[in-house]
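Results of the structural survey
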Amino acid sequence: MNLEKVVFAFVILLAATLNFGFVYGGVENPAHHHIWELFAATTVNLVAVVLKFGDRTHIGAVQQAASLVALLQLLAAGFFWFFLAPKDATPGPDALSSIVSLAAGALVANGVSVVILIVDTSIQRR
Amino acid sequence: MQDVFLITIRRLRAPLILIILVFAFSTAGMALIPGADPQGHPWHMSIFQAFYFVTYTATTIGFGEIPYPFTDQQRLFSTLIIYLLVIGWAYLVGSILSLTQDRTFQQALVGARFRRAVASLSEPFYLVCGLGETGVTVVRMLDRLGFRFTAVDRDERRVQALELEQLSLDAPVLYADVRSPETLAMAGLLKPECKAVLALCSEDEANLGVSIAACLLRPGLPVIARADSPAMAASTSALGVYRVISPFREFGERVALAMRAPDTYRLLAWLTGAPGSHLPPSQPPRIPAAPGRWIVCGYGRYGREVGAAVQRAGFELAIIDPSGAEIPGLLCVKALGAGAPELREVGVEIACGLFTGSDDDTANLAVAIAARRLNPDIFIVMRQNLLSSEILFARFGADMTLAPPQIMATECLALLRTPLLAEFLDLVRAKDNLWAYALAESLRALVGDEAPLFWSFAIDDDEAPGLSDVLRRGKDAPAIGDFSRSAHAREDRAPCLAVLLVRGPETLELPGDEVGVRLGDRLLFAGRRAAKDNQSLMLSNANVAAYVLGDRRQAEGWIWRTFEKALAR
């Protein structure tokens, strides 16, 4: 068992699951989307981007790209929250739907990342 | 540039992840710890406010407790995260600093800068491999003549030394192994602007490697290679490179030439000298005539060349060698040569010449000083190894001082400066004293003491569009003399001299003023820069050419000529 691979797979899966957890639920229902989940997803995605940096293989480059896309989408969602939410409160239905759809886009990218991870693992001989 | 980025990211991965985790933990904690607003109501920081606080705390900016004064719980947590943040931040900054000190990183940076500099070279340039004494001399002369170049050497200190040189143009210099073709490609070998490759390393194998790479990657590109051993010279020549130069052979040939025809030697030294070098005003070195005895001190590769030259000239030879070389039939002494006893043993008092040829400048000077004291009339030929010893050798004032790097450099430059010059110099080498003296004096009368500039051109549409236009219109063929006429007042003469005329397979040296010139001829001129500028005006502009050739009516534009033709009808 390679600890580095464990950490890598862990971070990528965690990024996808947290992202999914934030997106899951009614798109305009504030009770289904918590700011802390968005925060956690963004943080873990940031770590994933840094972890993948400097990998020169083709598959590594695609992983990197997927992570960057996810991070960009999540950061955009975070900015929407910051600018559209009234002070100390959850955003209204309009704002929330934009935030959740941005995060859903990130979820697609994270999904691609997970698929690549699985493909990469399964083509290994041992 | 990609290398630099990748290295940076790889090295900084650990500190960056640590910073992200510490920031996330601190931000989350600050947003969760309950605070109080001024009225005492419970209050929580937003995530953004927490992140703002963490950011200015981590970087030790410390704006204070914003927006409201903290509660004790908040202060307790702040105390904890300050330690975490400062450690994480210090780790990141430390990693960045150590990265900039890292050799791999610095090399990647230097390599990227070099690549950019080479890529932006849009003028013709030369690729110089090896920056030893020879390479540096060549590079200095190239710079003074206004040629661009790129240079590569394996030794980092030499590269740094060149960067400190006062060159008029910034040249890309790289510290890398010249033997790798990748290095040569980086230095611009594959660029069409690369006009020649000079392999001047002190190791023959490296020069051979460079020559092979250049011959395979850029067939037909002129390569000038230095080869110390005859075997290596032969294998380098077999590649079909432009010219192979052996420092020892060149050295021996100079000494032999100085012995045979001092004026020719003086003329050559003047013509091939660095720009701005002056014609030696005094008499050329007059080596005493045979018979007599020569002492060669230091019988290495240079000593052998010189020994052979003096023996060919009919002198008797005696040898002082520290390693104890024994040549049958010659008087050989094993000694350093700087002591009076050994110098007396080889007969310094009756000897007519002395050559000091060791690879140590101090030893050479010591021998020469001792010999001069014992025999003030002895003719001394010295080998100068380092350019930095120049001042000592100049002060001592030997009859002849030869610096191998200088010789190599002038050879290379003669080949590169302008086409036809190498042919002309080969021709001069074969000439006798009288011819050389006459040429030196007539050139001196024309251009002064300073070494003349050489330029060459072919009379065709590319290099002389104006003149060939006039010739094609059916003007009488111009004579050589017309080329030195001033473009402003045709009775005036510009200071230049035609030294070589090449017409097909024929070569005519020093063509007289009355010799006619035809389309397709190639000419080599020597003179001052003003004369060259004046001449290029005539070569490129048909009206100027027509004026200089003395036809006033043709010295007009196309419209006026057409108009005149119509009038004549």
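Note that the coordinates shown come from a computational prediction; the quantities given were computed from them, not determined experimentally.

**Some thoughts on the overall build of chain A**
Secondary structure summary: chain A contains four helices and zero strands in total. Listed by position from the N terminus, the elements making up chain A come as α-α-α-α. With respect to the three principal axes, the spread of C-alpha positions in chain A is 50 × 25 × 20 Å. Each of the 126 residues in chain A was classed as buried or not, and the buried ones make up 36%. In chain A, of all internal contacts separated by at least 6 residues, the share reaching a separation of at least 24 is 70%.

**Some thoughts on helix 19 (residues 433–447) of chain B**
Residues and elements named next belong to chain B. End to end, helix 19 covers 21 Å across 15 residues, agreeing with the expected 21 Å (1.5 Å per residue, within 8%). Along helix 19, the residues that are buried comprise Ala-436, Leu-439, Ala-440 and Leu-443. Down the axis, helix 19 shows its buried residues gathered within 100 degrees of arc, on one side only. With respect to the buried face of helix 19, the exposed residues turned more than 90 degrees away are Leu-434, Ser-442 and Ala-445.

**A word on the pairing of strand 7 (residues 223–226) of chain B**
Residues and elements named next belong to chain B. Covered by surrounding structure in strand 7 are Val-223 and Ala-225 together with Ile-224 and Arg-226, the residues of both alternating faces. Looking at chain direction, strand 6 (residues 194–199) and strand 7 are connected through three bridges and run parallel. By the bridge assignment, Ala-199 is partnered in strand 7 with Ala-225. Taken together, strand 6, helix 9 (residues 204–217) and strand 7 constitute a β-α-β crossover, and its handedness is right-handed. Note: strand 7 against strand 8 (residues 243–245), three bridges, orientation parallel. In the sheet register, Ile-224 faces strand 8, and the bridge partner there is Arg-243. Handedness of the crossover joining strand 7 and strand 8 through helix 10 (residues 230–238) is recorded here as right-handed.

**Some thoughts on the domain arrangement of chain B**
Taken domain by domain, chain B comprises domain 1 (2–101), domain 2 (106–245), domain 3 (249–422) and domain 4 (452–562). Each of domain 2 of chain B and domain 4 of chain B was reduced to a C-alpha centroid, and the two centroids are 36 Å apart.

**Overview of the nonpolar core**
Formed by 140 residues in total, the largest nonpolar core has its most connected members in Tyr-126, Val-128, Cys-129, Val-138, Leu-198 and Ile-295 of chain B. Beyond its immediate chain neighbours, meaning those up to four positions away, Ile-295 of chain B contacts Ala-318, Ile-320, Val-346, Val-348, Ala-351 and Leu-354 of chain B. The next biggest cluster of nonpolar side chains, apart from the first, holds 45 residues, and it includes Leu-71 and Leu-102 of chain A together with Ala-58 and Leu-85 of chain B.

**Describing the environment of Phe-315 of chain B**
Considering the arrangement of structural elements, one finds Phe-315 of chain B in the loop between helix 13 (301–312) and strand 10 (316–320). When the 22 C-beta atoms within 10 Å are taken as the criterion, Phe-315 of chain B is described as buried.

**Observations concerning the pairing of strand 6 of chain B**
Residue and element names in this part refer to chain B. For strand 6, the tally of buried residues reaches five of six residues, placing the bulk of the element in the interior. The pairing of strand 3 (residues 125–129) with strand 6 spans five bridges and is classified as parallel. In the sheet register, Tyr-126 faces strand 6, and the bridge partner there is Ala-196.

**Overview of the sheet that holds strand 16 (residues 496–503) of chain B**
Residue and element names in this part refer to chain B. The four strands lie next to each other as 15-18-16-17, forming an open sheet whose pairing is antiparallel. Only two strands of the sheet have a single neighbouring strand rather than two, namely strand 15 (453–458) and strand 17 (506–509). Neighbour to neighbour, the strand axes of the sheet diverge by 20 degrees on average, direction disregarded. When strand 15 meets strand 18 (residues 522–527), the two strands line up antiparallel, connected through six bridges. Each residue of the ladder has a partner; that of Trp-455, found in strand 18, is Phe-525. Lying over the sheet, helix 21 (residues 529–540) contacts strand 15, strand 16 and strand 18, oriented at roughly 15 degrees with respect to strand 15.

**Describing the interface of chain A and chain B**
Counting residues at the interface gives eleven residues for chain A and twelve residues for chain B. Ranked by the residues each element gives to the side of chain A that touches chain B, the list is headed by helix 2 (residues 35–52) of chain A, at seven residues. Looking at side-chain class alone, the side of chain A that touches chain B contains eight nonpolar, two polar and one charged residues.

**Remarks on the sheet that holds strand 3 of chain B**
All names here are of chain B. Strand order in the open sheet formed by six strands is 5-4-3-6-7-8, and the pairing between neighbours is parallel. The open sheet has two edge strands with one neighbour each: strand 5 (173–175) and strand 8. Strand-to-strand twist in this sheet, taken as the mean axis angle between neighbours without regard to direction, amounts to 15 degrees. Strand contacts of helix 7 (residues 156–164): strand 4 (148–153) and strand 5, with the helix running at about 160 degrees to strand 5, the strand carrying the most contacts. Contacts from helix 9 reach strand 3, strand 6 and strand 7 within the one sheet, and its direction differs from that of strand 7 by about 165 degrees.

**Focus on the packing of helix 9 of chain B against helix 10 of chain B**
Residue and element names in this part refer to chain B. One way to put it is that helix 9 packs onto helix 10 with a least axis distance of 10 Å and a crossing angle of 5 degrees. The orientation of helix 9 with respect to helix 10, classified from their angle, is roughly parallel. Note on element contacts: helix 10 touches helix 9 through Met-232, Ser-235 and Thr-236, opposite Asp-204, Asn-207, Leu-208 and Ser-211. Of the residues belonging to the contact of helix 9 with helix 10, the class tally is two nonpolar, four polar and one charged.

**Some details on unusual backbone geometry**
Excluding glycine, residues mostly have negative phi values, and the peptide bonds linking residues are mostly trans. Residues and elements named next belong to chain B. Of note, the bond from Ile-66 into Pro-67 is cis; its omega dihedral lies within 30 degrees of zero at -5 degrees. Checked against the element boundaries, Pro-67 lands in the loop between helix 3 (47–58) and helix 4 (72–101). We note that Thr-60 has phi near 60 degrees; this positive angle belongs to a residue other than glycine.

Parameters and conventions
- Residues numbered from 1 in each chain as written.
- Chains lettered and ligands numbered in written order.
- Predicted model: local features only at pLDDT ≥ 70, side-chain atom pairs only at ≥ 80, totals over all residues.
- Helix = DSSP H or I, 4+ residues; strand = E, 2+ residues; numbered from the N terminus.
- Buried ≥ 20, exposed ≤ 12 C-beta atoms within 10 Å, placed from the backbone.
- Contact = placed C-beta atoms within 7 Å.
- Expected span 1.5 Å × (residues − 1).
- Arc of directions from axis to C-beta.
- Pairing = 2+ DSSP bridges.
- Right-handed = clockwise from strand over helix to strand, strands pointing away.
- Domains from an automatic or database assignment.
- Core = buried A, V, L, I, M, F, W, Y, C linked by C-beta atoms within 7 Å.
- Axes fitted to C-alpha atoms, helices over the stretch in contact; angles between N-to-C directions.
- Nonpolar A, V, L, I, M, F, W, Y, C, P; charged D, E, K, R; others polar.
- Parallel < 35°, antiparallel > 145°, perpendicular 65-115°, else oblique.

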